[in-house]
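The residues making up each chain are set out below.
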Amino acid sequence: MGEVISNPVIRERKTFTEFLSGSGRIILPFILALVLIFVGEIFSKGFSSAKHVLMLFKVASFLGFLGLAQTIVILSGNGGIDLSVGALASIGTVFGAAIIRGNDNNLLLAFVIVALLGLAFGCINGIMISYFQIPALIMTLAMASVVNGIIYIFSAGLQISGSASPLLETLSNGVTLGIPNIMYIWIGVTLVVMFILHFTKTGISLYGVGSNEKAAILKGVNVKWFRVWVYGISGAISTVTGLLLLGYIGTAFLDIGSRYMLPSIAAATIGGVSIKGGSGNYLGVVGGAFVLTVISAVLIALQMGEAGRQIVFGGVILVLLVIYGRETLENGGSELSLERILTLFGLKK
Amino acid sequence: MEGNTGIIKTQMRAFIRHEVFMPTALLILMIIINVILQPSFFKGRIIRSNLATFTPMMLVSAGQAIIILSGKLDLSVGTGISLINCILADTMSDRLGNSILAILLALTVAVAAGALNGFIVAYLKLPALIATFATSAVWLGISLFLRPQPGGYIPIWVNKFYRFHVGIFTTSLFMVVAMMMIWFAVRKRKIGRYIYAVGSDSVSAFESGINTKRTILTAYIFGWIFTFLASFTISAQMSSGDAYMGVPFTLNSVAAVVIGGVVLGGGRGSVLGAVFGAVVLSLVVNIIYYADVPSTFQEFVKGAIIVVALMLIRVYRRR
Amino acid sequence: MNILEANNITKHFGGVVALDKTNFTCQQGKIVGLLGSNGSGKSTMSRIINGTYKADEGTIKYKGATVFFQSPMEASDAGISMVYQNLSLVPDLTVWENIVLGREAVSRSGFLKNQNSKQLAQRYTDTLCPWIDVNREVRSLSPSELQLVEIVKSLARNPEFLILDEPTAALEKTHVDVLFNLMRQLKKDGVSMIFISHRLQEVKEICDSVVVFRNGRNAGTIDFEKEEKDENRIIHLITGEIISLVDTIKRESPFSQVRIKVENLSSRPKLKDISFEVRAGEILGISGLQGQGQEELMLALAGFTPVESGRVLIDGETVKLKHPRNAIQAGMFLVPGNRQTEGIFLGHSIFLNVIYPQAALRKGPWKMRMKKLRAQCSRICTELAIKSPSIHLLAHQLSGGNQQKVVVANWLDLKPKVLLLSDPAKGVDVQAKVDLYDLVVTLADEGTAVIIYASDNEELLRVCNRILVVYEGSIVADVANENITEKDLVNAAMRTAQ
């Protein structure tokens, strides 16, 4: 430490470097995606066309929403994770179809009921995790099992089915002014989430809860109750995403959500959300969801068989984790600074 | 005499507090319920059949427990079981010599997989949850490469070997007992204690001079030896290889470990408890079947029972 | 004969110079006190000596020969051992397993010889803390016992040179005496020691000499065998300024109304029927042997631990204490005892830390006015003399004293009616300690009732109007701070212990 300097005014605004070192982890997934899109173009003409890229964003949006559900849960700390996001998305699809039955008039009702359903399941998760102190990993896993069981009872047993309505399909699948509607929704959601996380009491409280639970309690946050809400909202987001998936695909099929479960965690981790909680933000997760989607698309464009796709997918996630997700900092995990990017590229000693 | 009852009371209290108490209690409870629903439960034939069916779960849960005790996790054991299964199905034949080589090859692959996972988690310091999810995709890919469609051949003599028995003492029971004895021996060595130490507080373990990375790597390798045996025992019951057959084992093994009293953060709990937890889970499936729960409800009931069991464990821990 | 000589040691961490051509010597069989503020380089020097860090320049001579330790294990094998604060105990193992951890006795076939290890552990435990059963799980020990076991662990390696890094911070007073007795015995056996502490009383009691670092350089050395043990001189060397820590800054409260009244507060098992009151502007101290319920009292008042019976009134109105939220709404705030686990968000900025309670408050708009809050934070940081170029610096990059100031900064703008401080100066350097207590006095002058629990009685005597002595969860003495000394307080605490 140097000499004691008296500082009459302490600097309030972030310097450019401070700003960038936080944003490094946000920019890189997009750069990576850009490179991959270029690679895709080599193997499949039209891959990098605006239309195709926008379609990739469209597909990525669902993963982006489930990644959001996962992000808020992980941010809340205490080993927070939600392994039920996939199952909840599936039940959103199935119940949504049953309520809508192809009729636009039922759409609003469907949204409300599906959201409440997700909220309820999520809150049960939260209560078990907060008040009964069951580890989140196991509780959400068991909940996924329960939810899948209910889906099965509902669709196979009671043989209830349904389908999406035209308005819903337009919402999830349609295009306005050349841009997929769902992308508008995603952009809107991203703005709202960033706002909440950085400018509101809820967001600031969340970061503290995830960072140091006891300190948050002592500073007045009712952490137990807060976490119930976090899991509840995660559940609601998951089920509503399922409803949107219904619009995207047109009909409900049972297992639609399970393929998103682990990728939602990957998207969050790649996006810089530390698995220990308390640090990270959603913008990175957007990048994570997008790059994961691009990877899948490139692998299909390369006409790799399922075997090859799985291997490469796994390998790529490992590589991304090496760059992003290492648990090296005492207070969290990933911190990608501008210096580190430059070092990686050999531009700095 | 007064003194004697005092000693008995203290010992009983110690037993109740012992880490294996809860899974043992749950196990006995499940057995009782099972017997009520299936009176032939204790018949030799039924016991042997159950043992044979439960053994893969018991073994993979034991392996998962060792990894979790070291403070980590492995979500790729399920697809790993598929992988070993596919390798065996593709390389085994009726000729004993070839088959022994095939088994050795599969064992080598299992150890290599465990070492890879251990390396990624301990040396590259990637978060275990996501890293092992990534490697599980790799194992699945390799399995699909070997066996795009289910097929291959597991020799009949393997099945016969697996079903061999003297009374109720089956090969599968022998395997589980032998592995547990090996583990108890490991616990009496430095590495056994170091696994617990690293799982309990890896920083303190490191400050005490323990090579934490090597310890975690070793835990993964032990875990995968168990996983290999789990795959072998389930392959012995199937006659072919299938790339997707192992998937349910992953999350079920974690559930078994938690029910068995092992703390997910590591450092606390017993592998024997995890084995009991595996039996408890398997018995739950049995119970649901014999209780004539309609097939549509079975998945739901299974999940609900697990949640209730977890609540019970938590309530017990609070005392 | 010098057992250890560190000459011209220089060490950089990134762009920061931790040590600049610093020297340190220790004679065989002597106890040298190593003093300095946080950031003065004393921790860095001790970690270079014990092999955790490698010096960039300079040499270390041990027992006359130049050495280059690559790791703490190497240094330990050579006889140099360091005791940290609870850094190497594993909670889920027993005391004896921890004491031999990493150096277990094994048979020729590689199996653990547990009986041997247990006996060895028992032998060393008996020298320092014989009442601790070596079969207990470490997680069941009190913080003081943890520190003792940590010391036993180092002793079990038969060191010739022992570095004790703030060993007394976590120890109860009686345990400190036990430790000092052991240290004197070790001296007789020829062991040399470095004793690092912020507590000048202890340094004066046990050290043969002191070496003071300031800003990474030598500030001075005092040989107690030849010179006077002058506290003011020591403080001058540490801070470079003239501060008198010995004079009292106690003053009388200008207010007369009762701010907080505690009636028959009970909370099993630690608190029994506690009653007292504090006037506005009054500073009340809580003292007593460690672990008698003082920390629990602070947490109970803060609303964190459940209260079974009794009540608390602030300005005449009852406050229900089910959650810290209730206490905060009533204007009662807590600065917790262990800032790392209870008080601060290490991974977040000073800014987020300072404004956090406002995010947790029910009243106020949901969208927080960031620009206004940034200005507010900047102002508070300047008022508290928190040394940082920007409010966006992360908390873990600050020194202990500055971190503590950030925790206090939480509450400043919320106009505390009652401020609870749980051992606020623990691990805080001299300058920051002075700043903190000055702040406390300023708040009191504005009408806040202050309740301070401190494990160091000297601090209480400096600043409090009244002092309560707690024993086994009850108040056994309520003395006005007039003409009493540390000895009186200790007597009051121990008399009932008889």
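What counts and what doesn't
Within any chain, residue numbers begin from 1 and follow the written order of that chain's sequence. Here every chain gets a letter starting at A, and every ligand a number starting at 1, in the order they are written. Since the coordinates come from a predicted model, pLDDT governs what is reported: local features require at least 70, and pairs of side-chain atoms require 80 or more to be given and counted, while whole-chain, interface and lining totals use all residues. Heavy atoms from the whole structure form the basis of all side-chain values; hydrogens and water molecules are not counted. Secondary structure follows DSSP: runs of H or I at least 4 residues long count as helices, runs of E at least 2 residues long count as strands, and numbering of each begins at the N terminus. The atom set for the radius of gyration is the C-alpha atoms, and the globule formula is 2.2 Å times the number of residues raised to the power 0.38. Exposed residues in this analysis have more than 50% of their type's maximum accessible area, buried residues have under 20%, and partly exposed residues fall in between, with area computed by a 1.4 Å probe over protein chains only. Only heavy atoms matter for contacts: two residues are in contact if any of them lie within 4.5 Å across the pair. For every accessible area listed, the method is Shrake-Rupley and the probe measures 1.4 Å; residues are considered covered only by the protein chains on display. A pair of Phe, Tyr and Trp rings is counted when the ring centres sit within 6.5 Å of each other, with Trp represented by its six-membered ring. The angle between the planes then sorts it: under 30 degrees is stacked, over 60 is edge-to-face, the rest tilted. For two strands to pair, DSSP has to find at least two bridges joining them. Domain extents, as shown, originate in an automatic or database domain assignment. Salt bridges are defined as contacts in which a side-chain nitrogen from Lys or Arg sits within 4 Å of a carboxyl oxygen from Asp or Glu. Pairing of N or O atoms within 3.5 Å defines a polar contact, subject to two protein rules: one partner must be a possible hydrogen donor and the other a possible acceptor, and residues neighboring in sequence count only if both atoms are side-chain atoms. A fitted line through C-alpha atoms represents every axis, and for helices the fit uses only the stretch in contact; the resulting angles, taken between N-to-C directions, go from 0 to 180 degrees. For classification purposes, angles smaller than 35 degrees are called roughly parallel, those larger than 145 roughly antiparallel, those between 65 and 115 roughly perpendicular, and all remaining angles oblique. Residue polarity is assigned by list, with Asp, Glu, Lys and Arg as charged and Ala, Val, Leu, Ile, Met, Phe, Trp, Tyr, Cys and Pro as nonpolar; anything else, Gly included, falls into the polar class. Summed over both partners, the accessible surface that disappears when two parts come together, traced with a 1.4 Å probe, is what is meant by buried area.

**Details of the overall build of chain B**
For step 1, the next point in the chain: Counting its regular elements, chain B contains 14 helices and two strands.
For step 2, the next point in the chain: Its C-alpha radius of gyration of 20 Å places chain B within 12% of the 20 Å reference for a compact globule of 319 residues.
For step 3, the next point in the chain: The C-alpha extent of chain B, read off along each of the three principal axes, is 65 × 55 × 40 Å.
For step 4, the next point in the chain: With 319 residues in all, chain B has 54% of them scored as buried.
For step 5, the next point in the chain: Put simply, 79% of the contacts in chain B that link residues at least 6 apart link residues at least 24 apart.
For step 6, the next point in the chain: Summing over all exposed atoms, chain B offers an accessible surface of approximately 13500 Å²; the carbon and sulfur share of this is 69%.

**Some details on the packing of aromatic side chains**
Residues and elements named next belong to chain A.
For step 1, the next point in the chain: According to the stated counting rule, one finds 18 aromatic pairs over all chains in the structure shown.
For step 2, the next point in the chain: Note on Phe 65 and Trp 186: the rings are 6.5 Å apart at their centroids and 70° apart in plane angle, and the pair reads as edge-to-face. Within this pair, whereas Phe 65 is found in helix H2 (residues 50-75), its partner Trp 186 is found in helix H7 (residues 181-199), the two being separated by 121 residues in sequence.
For step 3, the next point in the chain: Judged by its relative accessible area of 3%, Trp 186 is buried.
For step 4, the next point in the chain: Ring centres of Phe 195 and Phe 199 lie 6.0 Å apart, and the angle between their planes is 20°; on these two criteria the pair is classed as stacked.

**Describing the pairing of strand S7 (residues 161-165) of chain C**
Residue and element names in this part refer to chain C.
For step 1, the next point in the chain: Counting buried positions along S7 yields five of five residues, so the element is predominantly enclosed.
For step 2, the next point in the chain: Of the two faces of S7, both are covered, the one formed by Phe 161, Ile 163 and Asp 165 as well as the one formed by Leu 162 and Leu 164.
For step 3, the next point in the chain: Sheet topology note: the strand S6 (residues 80-83)/S7 ladder contains four bridges and is parallel. Bridge pairing in S7 links Ser 81 to Leu 162.
For step 4, the next point in the chain: Note that S7 and strand S8 (residues 192-196) share five bridges and pair parallel. Within S8, the position partnered with Leu 164 by the bridge is Phe 195.

**As for the domain arrangement of chain C**
All names here are of chain C.
For step 1, the next point in the chain: Split into domains, chain C comes out as domain 1 (2-239) and domain 2 (258-497).
For step 2, the next point in the chain: Summarising the inter-unit geometry, the C-alpha centres of domain 1 and domain 2 are found 31 Å apart.
For step 3, the next point in the chain: Between domain 1 and domain 2, the residue contacts involve 16 residues of the former and 16 residues of the latter.
For step 4, the next point in the chain: Summed over the shared surface of domain 1 and domain 2, the number is zero salt bridges.
For step 5, the next point in the chain: Inspection of the region where domain 1 meets domain 2 yields zero residue pairs in polar contact (both at pLDDT 80 or more).
For step 6, the next point in the chain: Put simply, the parts of the chain that give the side of domain 1 that touches domain 2 at least two residues each are helix H6 (173-188) and helix H8 (231-239).
For step 7, the next point in the chain: For the side of domain 1 that touches domain 2, the element with the most residues is H8, which contributes three residues.

**Topic: helix H8 (residues 201-211) of chain A**
For step 1, the next point in the chain: Counting buried residues along H8 of chain A, nine of its 11 residues qualify, which places the element largely inside the surrounding structure.
For step 2, the next point in the chain: Listing the buried residues of H8 of chain A in full gives Lys 201, Gly 203, Ile 204, Ser 205, Leu 206, Tyr 207, Gly 208, Val 209 and Gly 210 of chain A.
For step 3, the next point in the chain: As for H8 of chain A, its buried residues are in contact with H2, H7, helix H9 (213-218) and helix H10 (223-249) of chain A together with helix H12 (350-360) and helix H13 (370-383) of chain C.

**Quick look at the packing of helix H6 (residues 166-173) of chain A against H10 of chain A**
Residue and element names in this part refer to chain A.
For step 1, the next point in the chain: Packing of H6 against H10 leaves a shortest axis separation of 7 Å and a crossing angle of 95°. Taken as axis vectors, H6 and H10 run roughly perpendicular relative to one another. In this structure, H6 uses Leu 168, Glu 169, Leu 171, Ser 172 and Asn 173 to contact H10, whose residues at the interface are Leu 243, Leu 244, Leu 246, Gly 247 and Tyr 248.
For step 2, the next point in the chain: Of the residues assigned to the contact of H6 with H10, the class counts are six nonpolar, three polar and one charged.

**Examining the interface of chain B and chain A**
For step 1, the next point in the chain: Every contact between the two is made by 39 residues of chain B and, on the other side, 41 residues of chain A.
For step 2, the next point in the chain: Both sides together, the interface formed by chain B and chain A hides about 3500 Å², and carbon and sulfur atoms give 82% of it.
For step 3, the next point in the chain: At the junction of chain B with chain A, the criterion picks out zero salt bridges.
For step 4, the next point in the chain: Run the count over chain B and chain A and you get zero residue pairs in polar contact (both at pLDDT 80 or more).

**Focus: the interface of chain A and chain C**
For step 1, the next point in the chain: Counting residues at the interface gives 41 residues for chain A and 54 residues for chain C.
For step 2, the next point in the chain: Here chain A meets chain C over a buried area of about 4100 Å², counting both sides, of which 58% is carbon and sulfur.
For step 3, the next point in the chain: For the interface between chain A and chain C, the tally reads one salt bridge.
For step 4, the next point in the chain: Two residues, Glu 342 of chain C and Lys 214 of chain A, come together in a salt bridge whose shortest N-O distance is 2.8 Å.
For step 5, the next point in the chain: Across the contact surface, chain A and chain C share 17 residue pairs in polar contact (both at pLDDT 80 or more).
For step 6, the next point in the chain: Counting residues per element, the ones that place at least two in the side of chain A that touches chain C are H7, H8, H9 and H10 of chain A.
For step 7, the next point in the chain: Looking at which element gives the most residues to the side of chain A that touches chain C, the answer is H8 of chain A, with eight residues.
For step 8, the next point in the chain: Split by residue class, the side of chain A that touches chain C holds 17 nonpolar, 13 polar and 11 charged.

**A look at the environment of Ser 44 of chain A**
Residues and elements named next belong to chain A.
For step 1, the next point in the chain: The topology assignment puts Ser 44 in the loop between helix H1 (16-43) and H2.
For step 2, the next point in the chain: Residue classification places Ser 44 among the partly exposed positions, given a relative accessible area of 25%.
For step 3, the next point in the chain: For the pair Ser 44 and Val 298, spaced 254 residues apart in the sequence, the C-alpha separation amounts to 8.7 Å.

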